[in-house]
Amino acid sequence: MWRECANRFNRWRYDLYAPVYDKVAQGFARHRRRSIGLLNPQPDERLLLVGAGTGLDLDFLVRCRHVAAIDIAPAMLARLRERAGKLGMEVDARVMDGQKLDFPDASFDAVALHLTLAVVPDPRACLLEVERVLRPGGRVAVFDKFLADGGRAPVWRRAGNLLARAALAGSVLPFGFSSMRTVPVLPSSE
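The rules behind these values
- Residues numbered from 1 in each chain as written.
- Predicted model: local features only at pLDDT ≥ 70, side-chain atom pairs only at ≥ 80, totals over all residues.
- Heavy atoms only, no water.
- Pairing = 2+ DSSP bridges.
- Helix = DSSP H or I, 4+ residues; strand = E, 2+ residues; numbered from the N terminus.
- Right-handed = clockwise from strand over helix to strand, strands pointing away.
- Phe/Tyr/Trp six-rings, centres within 6.5 Å; stacked < 30°, edge-to-face > 60°.
- Buried < 20%, exposed > 50% of the residue type's maximum accessible area, 1.4 Å probe, protein only.
- pLDDT = per-residue confidence, 0-100.
- Contact = heavy atoms within 4.5 Å.
- Polar contact = N/O pair within 3.5 Å; in protein donor to acceptor, adjacent residues only side chain to side chain.
- Axes fitted to C-alpha atoms, helices over the stretch in contact; angles between N-to-C directions.
- Salt bridge = Lys/Arg side-chain N within 4 Å of Asp/Glu carboxyl O.

Engineer: Hey, could you run me through the pairing of strand β5 (residues 134-143) in this one?
Structural biologist: Within a regular strand, the side chains alternate between the two sheet faces. Bridging between strand β4 (residues 108-114) and β5 involves six bridges; their strand directions are parallel. Of the residues in β5, the one forming a bridge with Ala112 is Ala141. Read from β4 through helix α4 (residues 123-133) to β5, the crossover connection turns out right-handed.

Engineer: Teacher, can you tell me more about the packing of aromatic side chains here?
Structural biologist: For any two aromatic rings, the description comes down to two numbers: the centre-to-centre distance and the angle of the planes. Evaluated as defined, the whole model comprises five aromatic pairs. Arranged with centres 5.7 Å apart and planes meeting at 65 degrees, the rings of Phe28 and Phe143 form a pair that is edge-to-face. With a gap of 115 residues between them, Phe28 in the loop between α1 (2-25) and α2 (29-39) and Phe143 in strand β5 connect regions that are remote in the sequence. For Phe143, a relative accessible area of 2% corresponds to the buried category. Ring centres of Phe103 and Phe108 lie 5.0 Å apart, and the angle between their planes is 90 degrees; on these two criteria the pair is classed as edge-to-face. One exposure class covers both Phe103 and Phe108, and it is buried. An aromatic cluster is defined as three or more aromatic residues linked by ring pairs; in this entry it consists of Tyr14, Tyr17 and Tyr21.

Engineer: Looking at this structure, I do not really get the confidence of the model for the protein chain. What am I missing?
Structural biologist: Where the model shows low pLDDT, its predicted coordinates should not be examined in detail. Of the residues in the protein chain, 77% reach a pLDDT of 70 or more, and the chain-wide mean stands at 84. Below a pLDDT of 50 lies the segment residues 163-180, which in the model reaches 19 contacts outside its immediate sequence neighbourhood of four places, other chains included. Scored below 50 in pLDDT, residues 184-190 shows 10 contacts in the model against residues more than four places distant or in partner chains.

Engineer: Help me out: how do you make sense of the environment of Asn10 in this one?
Structural biologist: Here Asn10 shows up in helix α1. Of the residues examined, Asn10 reaches a relative accessible area of 8% and is grouped as buried. Between the alpha carbons of Asn10 and Ile72 there is a distance of 7.3 Å; along the sequence they are 62 residues apart. Looking at Asn10, its side chain comes within polar contact range of the side chain of Arg13, at 2.8 Å.

Engineer: How do you make sense of the sheet that holds strand β2 (residues 66-71) when you look at a structure like this?
Structural biologist: Sheet strands pair by backbone hydrogen bonding; their relative direction is either parallel or antiparallel. Spatially, five strands are ordered β3-β2-β1-β4-β5 in an open sheet, and the strand pairing comes out parallel. Since the sheet does not close on itself, it has two edges, and those belong to β3 (91-95) and β5, each with one partner. Direction aside, the axes of adjacent strands within the sheet are offset by 20 degrees on average. Sheet contacts for helix α3 (residues 74-87): β2 and β3; angle to β3, the most-contacted strand, approximately 170 degrees.

Engineer: Would you mind going over the pairing of β4 with me for this structure?
Structural biologist: Of all the seven residues making up β4, seven are buried; the element is thus mostly covered by neighbouring parts of the structure. One ladder, built from four bridges, connects strand β1 (residues 46-50) with β4; its direction is parallel. Of the residues in β4, the one forming a bridge with Leu47 is Ala110.

Engineer: Even after reading the chapter, I still don't get the pattern of salt bridges, so can you show me in this structure?
Structural biologist: A pair can form between side chains of opposite charge whenever their charged atoms are brought close. If you walk through the whole model with that rule in mind, you get 10 salt bridges. Notably, a salt bridge pairs Arg32 with Asp57, separated by 2.8 Å at the nearest N-O pair. Here Arg32, found in helix α2, pairs with Asp57, found in the loop between β1 and β2; they are 25 residues apart in sequence, far enough to count as distant. Just as Arg32 is buried, Asp57 falls in that class too. Residues participating in the shared-partner salt-bridge network are Asp22, Asp59 and Arg83.

Below is the structure:
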């Protein structure tokens, strides 16, 4: 019940943010580029973008021919479809909950979650779904608003993230991923 309420709130607020989202989120372009570079999706691989928003990642994926993009907010996906059209890309864009993906098991070679886990109500459920739809040997890239090891968030952020930290505690490696590598996208000074 709490997850559905949080989903409704996220859908409402991101539909509201859609017209101005690019102005704010464009500031992360170089970090998105780096994350996509580390993921290294190949042209014939099937790629899933979870929490795809307005499609800012598409600028770095034009050589990819099999892209699926999901988001909870229809207004964000409308902008993603426009961007895909301008880039000459065909993207399977669907309104979908990242915590309950409507794709068969082992459907994707690579998955990108950019600025998603920090806002999804149940990040653990989202990661379990990513594991399910990822083929064996597949790759995942996560770029989000997490702190570097040893970093300390401002008081306002620590207070706001208590729930997120509790939800993610111990939930990264028990998913059955064969390996996990953490690569900082943001320099520690940012």
